[in-house]
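Architecture and fold: a report
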Amino acid sequence: SGFSDDNSKWLAPAKAKKIPSKGNNVELCSDGEVEEGSWEMEEEEDGSIDEMVDDYGASSSEEEELLPIEKAALKQKPDRGGTSEDDSEEEEEAAAKEEASGQKTGQKDEESPDLQLNLDIDEQFKLPTNEQIEREDILFICDPPDLHIIHQRIKGNMEVLQDFGTKREEGRTRQEYLALLRRDMAAYYSYSDFLLLKLMDIFPLPELINFLEANEVPRPVTIRTNTLKTRRRDLAQALINRGVNLDPLGKWSKTGLVIYDSSVPIGATPEYLAGHYMLQGASSLLPVMALAPQENERILDMCCAPGGKTSYIAQLMKNTGMILANDSNAERLRSVVGNLHRLGVTNAVVSNCDGRQFPKVRSCLLWGVLGGFDRVLLDAPCSGTGVISKDPAVKTNKDEKDVLRCAHLQKELILSAIDSCNAASETGGYIVYCTCSIMVEENEWVVDYALKKRNVRLVATGLDFGKEGFTRFKDRRFHPSLKSTRRFYPHTHNMDGFFIAKFKKFSNAIPQTQKEPAVKAAAPSAVPDTVVEPQPKKKKLEGSKAGQEQKPPQPTLKKRHSLQAQRRPLKA
């Protein structure tokens, strides 16, 4: 009748049971051996003798696979009576069971269209009512939300939004679907409503889900070879001998290595302590590559801590020229000094100054002595929305004020960096601005501001990959040259979120639009009692009467002091 689930007991291995043969008694000799009788296998329900089954489930009943001595042993077994009747009864029962199971399957086949239709109906996504949402909010206070249900609702909502015209409910607007999607993503991924709104403006919805998922996974551990002391090939071989599984970072980097796993702490190997490599993220290599420092140049790293980019600049310059490593935080400069000593950097000077005041320091000390800097690197402080995988607290502790505060600081720093660069440099005149944020307010907005306030233009970064920067964002329109800036995302490039822009300074002069407000603001405070009349009115007075010069009255210093002396007793 064939095998089915009902008679699948043949799959189970047979169990041995001691059954004395008919007419024979089992007795033990003095040495403990069995005189008569035999060990026989217990019978199954169908009455047939169980087959010998080995450990792998292979049956030995087939005579083709038996040895001749085994075949003779099987023939000598005594035949038992009544087995044929038991076999026939078991076959009848099995046939009855198969008929019953066939009837059941026929009923299931008849019911399957209705069940499939019900499943199709249930798969259609429907927006919950306001009462259901309020009930969920109350339950969320007492118990944690069911993440599986929320995830399924996010998937259904995404499918409707991608084909909104055909799959939406009647009377429901797109804003209602987006509001529910934002609420569910905030609960599932633990983001603030403000940050999700910003991210939904930057990414399309399918890409937004990929970005949020990528932030839940840590980025690969990468190291940078210090070519001042070793070569990447020799370093890789030394680490492999210590049980480190690694690969080259990519074709775009000649010094990077990615670490998959290691049997030793990667930050405490003898090679690390000897300064052969630096633990550094892949995205942190890109700004230095865009800066492209040359030998014997003067470089300013305005925000240098913890020193990874500074040491990379030094190794590209082969310890020639001069690097001014500055940071406003004195505590973080300790790590900079330690890393520079460990890596063997000898052309760096460490300073602790406010980057916004650097043009004043430059004008007093460096401009007259050094002639300004050939290249400037500004890794500006930011909100950290590109490194959420390293700092998950960014999901909830950032708001609009934090982003605008960072943007204001970045605008001040970028103007200071541009003023510190020398446009007359023979090999340089370049400024690289970068952040570990993906916010438009901290990236394109700041770059567009610098283009309007200083004599600079954007040039190509020299990086072959990365997405172009925004030239328009919501109601804002930026300079078309912002296409040359580059954005890097964790879900597309498997590195921290980063933004890079490269400027070329073509004039040291500050545009006149910057000087006029300063003069107007300083005039009333410097000479409060004078009245400055426009030039056309003066010409009209001069030409009103021929041969007579009429000038507006101007108070002298003596009159001014006498007036102040008269006012003092009155005030007293």
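Here the residue numbering is sequential within each chain, running from 1 through the sequence in written order. pLDDT decides what is reported in this predicted model: residues at 70 or higher carry local features, side-chain atom pairs at 80 or more are listed and counted, and totals for whole chains, interfaces and linings draw on all residues regardless. Based on all heavy atoms of the structure, the side-chain values leave hydrogens and waters out of the count.

Going by the annotation in an unreviewed UniProt entry, the name recorded for the chain is NOP2 methyltransferase, with Corythaeola cristata given as the source organism. UniProt positions are given in the numbering used here, feature names are shortened, and annotations may be inferred rather than shown by experiment. The UniProt entry for the chain carries the following comment under Sequence similarities (unreviewed entry): "Belongs to the class I-like SAM-binding methyltransferase superfamily. RsmB/NOP family." Its UniProt record gives the chain a comment under Subcellular location (unreviewed entry), which states: "Nucleus, Nucleolus".

Among all positions of helix α9 (residues 232–241), only Leu235, Ala236 and Leu239 are buried. One face of α9 carries all of its buried residues, which in axial projection span an arc of 100°. Counted as exposed and oriented over 90 degrees from the buried face of α9: Arg233 and Asn241. Backbone geometry just after α9 places glycine 243 at a positive phi near 90°. Exposure is judged per residue with a 1.4 Å probe applied to protein chains only, and the accessible area is read against the type maximum: over 50% gives exposed, under 20% gives buried, and values in between give partly exposed. Put simply, DSSP marks the helices as runs of H or I at least four residues long and the strands as runs of E at least two long, and each gets a number from the N terminus on. Here, the arc refers to the directions that run from the helix axis to the C-beta atoms.

Right, let's talk about the environment of arginine 356 for a bit. Mapped onto the secondary structure, arginine 356 falls in the loop between β9 (348–351) and α14 (358–370). Judged by its relative accessible area of 38%, arginine 356 is partly exposed. Placed 54 residues apart in sequence, arginine 356 and glutamine 410 show a C-alpha to C-alpha distance of 9.5 Å. With sequence-adjacent residues up to four places away left out, arginine 356 is seen in contact with Leu409, Glu412, Leu413 and Ser416. Looking at arginine 356, its side chain comes within polar contact range of the side chain of glutamate 412, at 3.3 Å. Every residue pair with non-hydrogen atoms within 4.5 Å of one another is taken to be in contact. Two N or O atoms count as a polar contact when they lie within 3.5 Å, although within protein this holds only if one can serve as hydrogen donor and the other as acceptor, and sequence-adjacent residues are included solely when both atoms are side-chain atoms.

Let's shift gears to the sheet that holds strand β4 (residues 244–248). By definition, two strands form a pair when at least two bridges between them are found by DSSP. Spatially, the four strands line up as an open sheet ordered β4-β5-β3-β6, and their pairing is antiparallel. The sheet is open, and its two edges are formed by β4 and β6 (277–279), each paired on a single side. Across the sheet, the mean angle from the axis of one strand to that of its neighbour is 35°, orientation sign disregarded. Relative to strand β5 (residues 256–262), β4 runs antiparallel, the two being bridged by five bridges. Residue pairing across strands places asparagine 245 opposite aspartate 261, the latter belonging to β5. Where helices are involved, their axes are fitted lines through C-alpha atoms of the stretch in contact, as for all axes, and angles between N-to-C directions lie from 0 to 180°. Sheet strands touched by helix α13 (residues 333–343): β3 (221–225) and β6. Its angle to β6, the strand with the most contacts, is close to 155°.

Below, the discussion takes up the UniProt feature "binding site: S-adenosyl-L-methionine" (unreviewed entry) in the chain. What UniProt calls "binding site: S-adenosyl-L-methionine" (unreviewed entry) maps, in this numbering, to Cys303, Cys304, Ala305, Pro306, Gly307, Gly308, Lys309, Asp327, Asp354 and Asp379. As for its placement among the helices and strands, glycine 307 is situated in the loop between β7 (298–301) and α12 (308–316). The class of glycine 307 is buried, set by a relative accessible area of 0%. You can see lysine 309 is positioned in helix α12. If sequence neighbours within four positions are ignored, lysine 309 has contacts with Gln280, Ser284, Pro287, Val288, Asp301, Leu377 and Asp379.

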